[in-house]
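# Observations on chain architecture
Here are the chains, one letter per residue:
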Amino acid sequence: MGIRADYVTRPREWIASILAREPRFLSAAQIHQGLERDGARVSLSTVYRTLDRLQAKGDITARPDADGEVTYMLCEPTRHHHHAICRSCGRVEDVDCAAMEQFAESLRARNGFELDGHAIEFFGKCGACR
Ligand SMILES: [Zn+2]
Ligand SMILES: [Zn+2]
Ligand SMILES: [Zn+2]
């Protein structure tokens, strides 16, 4: 791999590796701090641009934090699942959607409402913080 190719792929690999070891949502600034700790010299604007690209590819998911700042996490948005987010440490566990099938069924029976989509996040305390 030549110098030019490294220049293009490295920020993406660096950012993916920061996200891969943090099972929680991180802001662009936090990712940038992680890169600096690793000695990777990537500008904040490159971080934003790379995050946009990773998101467009479907490698990461984004959500606004409590202050409205966008945060990012490595995820498979194409595989339908939900997130259980620890209020103490921010750890995110993937949760499958089996219970939602029953809910959709009862909504159809009771309200006549046909569910064709939903967005749910769960909050609480993870195993380590309980
Ligand atoms: Zn996920
Ligand atoms: Zn926790
Ligand atoms: Zn679901």
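Reference entry: report on the structure contained in this document. Note that the structure is a prediction, hence the values are computed from the model and not measured. (Residues numbered from 1 in each chain as written. Chains lettered and ligands numbered in written order. Predicted model: local features only at pLDDT ≥ 70, side-chain atom pairs only at ≥ 80, totals over all residues. Heavy atoms only, no water.)

### A look at the overall build of the protein
When helices and strands are tallied, the protein shows four helices and six strands. Secondary structure elements of the protein, listed N to C terminal, follow the sequence α-β-α-α-β-β-β-β-α-β. Here the C-alpha atoms of the protein give a radius of gyration of 18 Å, more than 25% beyond the 14 Å that 2.2 N^0.38 yields for 130 residues. By principal-axis analysis of the C-alpha atoms, the protein measures approximately 60 × 35 × 25 Å. Counting the 130 residues in the protein, one finds 30% classified as buried. Across the protein, contacts joining residues at least 24 apart in sequence account for 46% of those joining residues at least 6 apart. Just so you have it, the protein exposes about 8900 Å², and 50% of that area is on carbon and sulfur atoms. (Helix = DSSP H or I, 4+ residues; strand = E, 2+ residues; numbered from the N terminus. Rg over C-alpha atoms; globule rule 2.2 N^0.38 Å. Buried < 20%, exposed > 50% of the residue type's maximum accessible area, 1.4 Å probe, protein only. Contact = heavy atoms within 4.5 Å. Areas by Shrake-Rupley, 256 points an atom, 1.4 Å probe, with all protein chains shown as cover.)

### Some points on the sheet that holds strand E1 (residues 26–27)
Taking strand neighbours across the sheet as the criterion, the three strands line up as E1-E3-E2 in an open arrangement whose pairing is antiparallel. The open sheet has two edge strands with one neighbour each: E1 and strand E2 (60–64). In this sheet, strand E3 (residues 70–74) lies alongside E2 in antiparallel orientation, the contact comprising five bridges. Looking across to E3, one finds that isoleucine 60 is bridged to leucine 74. (Pairing = 2+ DSSP bridges.)

### Thoughts on the coordination of the zinc ion (ligand 2)
Donor atoms from the polypeptide that bind the zinc ion (ligand 2) are Cys86 (SG), Cys89 (SG), Cys126 (SG) and Cys129 (SG), placed at 2.3 Å. With four donor atoms in place around the zinc ion (ligand 2) and angles of 106 to 114° between them, the coordination shape is tetrahedral. Going along the chain, you hit the donors of the zinc ion (ligand 2) in the pattern C-x2-C-x36-C-x2-C. Cysteine 129 gets classed as partly exposed once you look at its relative accessible area, which sits at 26%. (Donors = N, O, S within 2.8 Å, 3.2 Å for Na, K, Ca; no water. Tetrahedral: all angles 85-135°; square planar, octahedral: opposite > 155°, others 65-115°.)

### Looking at the sheet that holds strand E5 (residues 92–95)
Overall, mixed pairing links the three strands, which are arranged E5-E4-E6 in an open sheet. Each edge of the open sheet carries a strand with a single partner, namely E5 and strand E6 (121–124). Direction aside, neighbouring strands of the sheet carry axes that sit 25° apart on average. Looking at chain direction, strand E4 (residues 82–86) and E5 are connected through four bridges and run antiparallel. Counterpart to isoleucine 85 in the pairing with E5 is valine 92. (Axes fitted to C-alpha atoms, helices over the stretch in contact; angles between N-to-C directions.)

### Looking at the environment of alanine 16
Along the chain, alanine 16 falls in helix H1 (residues 3–20). Note on alanine 16: relative accessible area 25%, which makes it partly exposed. On a C-alpha basis, the gap between alanine 16 and glycine 58 in space is 12 Å, while along the polypeptide they are 42 residues apart.

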